[in-house]
Amino acid sequence: MPAAKKKPSSSLAAVVLAAGQGKRLKSKLPKVLHTVCGRPVLWHVLAAAAGAKPGRLVVVVHEHRELVEEAVRSWGFKPEPVLVDQGEPLGTGHALMVAEDAVGEVADVLAMAGDDPLVTADHVRRLLRVHRRTKAAASILTTEVEDPKNYWRVVREGDQVLDVVEKPTGELLESREVATLVYAMRRADLYRALPLLDRDNRQREYYLPQVLGILRDKGERISAAMVELGGGLGVNTRSELARTARIMRARINEHLMDQGVTLIDPAQTFVDVDVRVGKDTTLYPQTYLEGDTRIGAGATIGPATRIVDSTVGDGAEVQFSVVRGSKIGSNANVGPYASLRPGTVLDQGSKAGTFVEIKNSNVGKGSKVPHLAYVGDADIGRDVNIGAATVTVNYDGWEKHRTVVGDDAKVGSDTMLVAPVKVGKGAMTGAGSVITKDVPPGALGIERTEQRNIEGYRKRKEKQHRGRKA
């Protein structure tokens, strides 16, 4: 019997701080909407927050508010996020101040930075377990970073925090353990401490870490949970964005291999967070699996292949190709150097071969488009063979038209099928034909002018050419 799903806890409100400007990214796009492994930075943070099953989910916004709000509402997180405008952004502490009404009457508040996508739901749940087990007034998630100079250093014994230092000296300068902006706090203690914050700092902002000192001075316990985030924190620059994506890709690839997927070279395999891959599938180097892509079991993908928002069936093979918005059936074969554009459906055992482009078309079971062909807006039946250099001429300059090819038909090489047109079941077309009329079932459609041989043509042309040069 499946375990019952956990109900959202009304004792917890999650507040995600997403009002930052992100100036160092030098982008027109808000910092929190930059993409990491197929999803915006803020999506990853909200997924982690939602994993804690809060009763309330609050997002503090300001910069590019309309864009951020539209994105947040489109993702469908539960509970439905409440968006609060911070107004003049005066720091992380100030963001919690303006969120007070939206937080409501809860026992605990989970605060998270909207630009830290490497924090997962497991990390958050671990922090909350420590927070509740130790009955702390506040608990923080800590990690080790490669360069800690711009972060608050943590001094602790076990899971108890003794101090959080903004400007470390002495031996503390060597410490690489820093406080992330992931806090679990008793609501009552948090909102008693926030009015005591000051802005006596270089940025003239209310810093949330100061709450820890205020609570500690009152004799309250501060706890910590340390996690591994790959040595980095936040996405304030393009370099940090790339580093974060690299760390997340490594996580994704490790998970795939744990689930029975073979990666020939994980460092050259790029898989988005929403992609799913079946057991015993092999991913060769320079494979890119993006968006809402699903790969079946026992498939072979790559090398040098990009698949976006598509499904690939069990046992299929796709190599040196680009596939977008398409469905590839089991045991189908694609490539090398094929382009499947949106709306393409390849049925079981079918083939789209070398230098083949297919768009908005259905290719039936066992049918083959082996090489050098364009198939657009077509419905191809079962066991059809499309000859080399065949083109479905689907555009008349104003509108697109469909081509229909019946089961067991054989289309000769270099055939132009001028849509709308139908080739009947078992019919054939002669090589080099321009087919503008329907071909009945079992018939041969052929259109060629009579060949003429012009005697002496070469000699006359050369004489004319010499005359022009004289």
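Residues numbered from 1 in each chain as written. Predicted model: local features only at pLDDT ≥ 70, side-chain atom pairs only at ≥ 80, totals over all residues. Heavy atoms only, no water.

Peer 1: Where do I start with the sheet that holds strand β17 (residues 294-295) in this structure?
Peer 2: Paired through backbone hydrogen bonds, the strands of a sheet run either parallel or antiparallel to each other. An order of β14-β17-β20-β23-β26-β29-β32-β35-β38 is seen for the 9 strands of this open sheet, with the pairing classed as parallel. Because the sheet does not close on itself, it has two edges, and the strands there are β14 (276-277) and β38 (421-423). Across 2 bridges, the pairing between β17 and strand β20 (residues 311-312) is parallel. Looking across to β20, one finds that arginine 294 is bridged to threonine 311. (Pairing = 2+ DSSP bridges. Helix = DSSP H or I, 4+ residues; strand = E, 2+ residues; numbered from the N terminus.)

Peer 1: For this particular structure, what's the right way to read empty space enclosed by the protein?
Peer 2: Rolled over the atoms, a probe sized like a water molecule indicates the empty space that remains. Within this structure, the stated rule accounts for 1 cavity of 30 Å³ or more. Of the pockets and cavities examined, the largest cavity occupies roughly 40 Å³. In terms of lining, the largest cavity is formed by Tyr374, Val375, Ala378, Ile380, Ile386, Thr390, Thr392, Thr403, Val405 and Leu417. Elements supplying a minimum of two residues to the lining of the largest cavity: β31 (374-376), β32 (378-380) and β35 (403-405). When its residues are assigned to classes, the lining of the largest cavity shows 7 nonpolar, 3 polar and no charged. (1 Å grid on protein atoms, 1.4 Å probe; cavity = no way out; pocket = protein on both sides within 12 Å on 5 of 7 lines; lining within 4 Å. Points joined across faces, edges and corners; volume = space filled by probe spheres on them. Nonpolar A, V, L, I, M, F, W, Y, C, P; charged D, E, K, R; others polar.)

Peer 1: How do you make sense of the packing of aromatic side chains when you look at a structure like this?
Peer 2: Pairs of aromatic rings are described using the distance from one ring centre to the other and the angle between the two planes. Under the defined criterion, the tally for this structure stands at 6 aromatic pairs. Between tryptophan 75 and phenylalanine 77 the ring centres are 6.5 Å apart and the planes differ by 85°, which places this aromatic pair in the edge-to-face class. One exposure class covers both tryptophan 75 and phenylalanine 77, and it is buried. Linked through ring pairs, Trp43, Trp75 and Phe77 together constitute an aromatic cluster. (Phe/Tyr/Trp six-rings, centres within 6.5 Å; stacked < 30°, edge-to-face > 60°. Buried < 20%, exposed > 50% of the residue type's maximum accessible area, 1.4 Å probe, protein only.)

Peer 1: Can you walk me through the environment of proline 30 in this structure?
Peer 2: Considering the arrangement of structural elements, one finds proline 30 in the loop between β1 (9-18) and β2 (35-36). A residue is classified by how much of its surface remains accessible, and proline 30, at 2% relative accessible area, is buried. Spatially, the C-alpha atom of proline 30 lies 7.6 Å from that of valine 68, the residues being 38 residues apart in sequence. Leaving out residues up to four positions away in the same chain, proline 30 has contacts with His64, Leu67 and Val68. (Contact = heavy atoms within 4.5 Å.)

Peer 1: Sorry if this is basic, but what is going on with helix α8 (residues 238-258) here?
Peer 2: Since there are 3.6 residues in each turn of an α-helix, residues three or four apart along the chain are aligned in direction. The end-to-end C-alpha distance of α8 is 30 Å, a good match for the 30 Å that 21 residues give at a rise of 1.5 Å each. Buried within α8 we find Glu240, Leu241, Arg243, Thr244, Ala245, Ile247, Met248, Ile252, Asn253 and Leu256. Taken together, the buried residues of α8 touch β2, α1 (41-50), β12 (262-263), β13 (269-271), β14 and β15 (282-283). Backbone geometry just after α8 places glycine 260 at a positive phi near 100°. (Expected span 1.5 Å × (residues − 1).)

Peer 1: Quick question: what am I supposed to make of the pattern of salt bridges here?
Peer 2: Any two side chains of opposite charge can pair, given that their charged atoms come close. Across all of its chains, the model carries 23 salt bridges by this definition. One salt bridge connects lysine 31 with aspartate 115, and the closest N-O pair in it is separated by 2.9 Å. Of the two residues, lysine 31 is situated in the loop between β1 and β2 and aspartate 115 in the loop between β6 (108-113) and α5 (121-133); the sequence distance between them amounts to 84 residues. The two residues lysine 31 and aspartate 115 agree in class, both being buried. (Salt bridge = Lys/Arg side-chain N within 4 Å of Asp/Glu carboxyl O.)

Peer 1: Where do I start with the environment of alanine 95 in this structure?
Peer 2: The residue alanine 95 is located in helix α3 (residues 92-98) in this model. Look at alanine 95 and you get buried, because its relative accessible area is 2%. With 360 residues separating them along the chain, alanine 95 and glutamate 455 place their C-alpha atoms 89 Å apart. Contact partners of alanine 95, with chain neighbours within four places excluded, come to Leu17, Val60 and Gln86.

Peer 1: Help me understand the layout of surface pockets, please; the structure alone is not making it clear to me.
Peer 2: For the largest pocket, the calculated volume is near 1800 Å³. Arg24, Asn150, Glu205, Tyr207 and Asn236 are, among the 48 residues lining the largest pocket, the residues nearest its centre. Looking at the lining of the largest pocket, the elements that each hand over two or more residues are β1, α3, β10 (177-186) and α8. Per-element accounting of the lining of the largest pocket gives the leading share, 4 residues, to β10. Split into classes, the residues belonging to the lining of the largest pocket amount to 18 nonpolar, 15 polar and 15 charged.

Peer 1: Any chance you could explain the side chain of histidine 94 here in plain terms?
Peer 2: Structurally, histidine 94 can be placed in helix α3. A relative accessible area of 12% means that histidine 94 is categorised as buried.

Peer 1: Would you take a moment to explain α5 for this structure?
Peer 2: For α5, which comprises 13 residues, the first-to-last C-alpha distance of 18 Å matches the rise-based estimate of 18 Å (1.5 Å per residue) to within 8%. All of the buried residues along α5 are Ala121, His123, Val124, Leu127, Leu128, Val130 and His131. Immediately downstream of α5, the backbone of lysine 135 shows phi near 50°, a positive value.

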